[in-house]
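Read off the chains here:
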Amino acid sequence: MIVVTGATGNVGRTLVRTLAAAGHPVTAVSRHIQDAGADVPAGVRAAAADLGTPAELKEALQGAKALFLLVAGDDPAGVLAQARAAGVGRVVLVSSQGVGTRPGGAYEHAERFEHAVAASGLDYTILRSGGLDSNAFAWAEPIRAQRIAPAPFAEVGLPFVDPDDVAAVAAAVLTEDGHTGATYVLTGPAPTTPRQRAAAIAEAIGAPVTFVEMSREEAKAQMTQFMPPAVVEGTLAILGAPTAEEQQVSPDVERVLGRPAAAFGVWAERNAAAFR
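We now turn to the structure provided with this report. None of these values were measured; they are calculated from a predicted model.

### Some points on unusual backbone geometry
Alright, step 1. At Arg147, a position not held by glycine, the phi torsion is positive, near 60 degrees.
Alright, step 2. Mapping Arg147 onto the fold places it in the loop between helix H5 (140-146) and strand S7 (148-152).
Alright, step 3. Residue Arg147 is classed as partly exposed on the basis of its relative accessible area, which comes to 28%.

See below:
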């Protein structure tokens, strides 16, 4: 049994389906997950639990051999203690590239999870994801309504990664040997700018999309509505003034999967309906 937390998210949903399609028994965990229908495919067990309350995971972890873990809640040691007590032998944590490039500050939360996983006594692998292509879903409403894509830092390129590639890597390291103790940085195949990503969505939907450059302050005011201030500042720092390492394409997706990472345009084509 493989337990997938965050099972209704951009990475977790695909991971659940990938594992189930390969014949692995899966328990899909999310706070408000449903037993069937849109949330999980047939044959997958659904378990409602909150990572912020580790005791809620006890039932979901029964019989599990591996755990896919999000950075969520404030008690990673408690979550891992539940995993050990249930007999879990392997844990895969999806973390952030910022832990390596900008330790502390906005990434202290993820850093604590990484330390807890490494100290857990379980076989572990850490996936440090770059920015996800699915962040472009923030444009869905303005593109549908006005055919505009607003964002700051129009010409700053970053190698955003397809969440399906993150899920594919997670599936591999959950089910294959040879990844214990590894930390993989997951990026796309090339840096793209916000302006280029907007153009890729326009091509995918077959309609013009006008890119509208926001100021840093405008972007900060918008992001502060749904993100903690420290995370907003950390995110804007990467988006506006990335380090050379943050702009570098990592070979780790191809190293694990044996194929190149998918380009942003592939994600845009797959999700074109969200922008029409």
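### Here's the deal with the packing of helix H1 (residues 12-21) against helix H6 (residues 163-175)
Alright, step 1. In contact at an axis separation of 9 Å, H1 and H6 are set at 45 degrees when each is read in the N-to-C sense. When the interaxial angle is binned, H1 and H6 end up oblique. In this structure, H1 meets H6 at a crossing whose hand is right-handed. Each of Thr14, Leu15, Thr18 and Leu19 in H1 lies in contact with H6, whose residues at this interface are Asp164, Ala167, Ala170, Ala171, Leu174 and Thr175.
Alright, step 2. Looking at the contact of H1 with H6 residue by residue, the classes come out as six nonpolar, three polar and one charged.

### Looking at the sheet that holds strand S1 (residues 2-5)
Alright, step 1. Read from one edge to the other, the open sheet built from seven strands follows the order S3-S2-S1-S4-S5-S6-S8, with strand pairing classed as parallel. If you trace the sheet from one side to the other, it starts and ends with strand S3 (45-48) and strand S8 (183-186), each paired once. Strand-to-strand twist across the sheet, computed as the mean angle between neighbouring axes with direction ignored, equals 20 degrees.
Alright, step 2. Where S1 lies against strand S4 (residues 66-70), three bridges are found, and the strand directions are parallel. Counterpart to Ile2 in the pairing with S4 is Ala66.

### Details of helix H9 (residues 229-240)
Alright, step 1. Given a rise of 1.5 Å per residue, 12 residues ought to cover 16 Å, and the 16 Å separating the end C-alpha atoms of H9 matches this to within 8%.
Alright, step 2. The set of residues buried in H9 consists of Val232, Gly234, Leu236 and Ile238.

### What to know about the pairing of S4
Alright, step 1. Most of S4 sits out of view: four of its five residues are buried.
Alright, step 2. Both S4 and strand S5 (residues 90-96) contribute to a ladder of five bridges, which runs parallel. The partner of Leu67 across the bridge, within S5, is Val91.
Alright, step 3. Taking the sense of rotation as the criterion, the β-α-β connection linking S4, helix H2 (residues 76-86) and S5 turns out right-handed.

### So, the pattern of salt bridges
Alright, step 1. Tallying each qualifying case throughout the model produces 13 salt bridges.
Alright, step 2. Notably, a salt bridge pairs Glu246 with Arg102, separated by 2.7 Å at the nearest N-O pair. Here Glu246 is found in helix H10 (residues 244-247), whereas its partner Arg102 is found in the loop between helix H3 (98-101) and helix H4 (108-118), with 144 residues between them in sequence.
Alright, step 3. In this structure Glu246 comes out as buried when scored by relative accessible area, which is 2%.
Alright, step 4. Connected through shared salt-bridge partners, Asp74, Glu108 and Arg112 make up one network.

Cut-offs applied
- Residues numbered from 1 in each chain as written.
- Predicted model: local features only at pLDDT ≥ 70, side-chain atom pairs only at ≥ 80, totals over all residues.
- Heavy atoms only, no water.
- Helix = DSSP H or I, 4+ residues; strand = E, 2+ residues; numbered from the N terminus.
- Buried < 20%, exposed > 50% of the residue type's maximum accessible area, 1.4 Å probe, protein only.
- Axes fitted to C-alpha atoms, helices over the stretch in contact; angles between N-to-C directions.
- Parallel < 35°, antiparallel > 145°, perpendicular 65-115°, else oblique.
- Left-handed = near helix turned anticlockwise from the far one by under 90°.
- Contact = heavy atoms within 4.5 Å.
- Nonpolar A, V, L, I, M, F, W, Y, C, P; charged D, E, K, R; others polar.
- Pairing = 2+ DSSP bridges.
- Expected span 1.5 Å × (residues − 1).
- Right-handed = clockwise from strand over helix to strand, strands pointing away.
- Salt bridge = Lys/Arg side-chain N within 4 Å of Asp/Glu carboxyl O.

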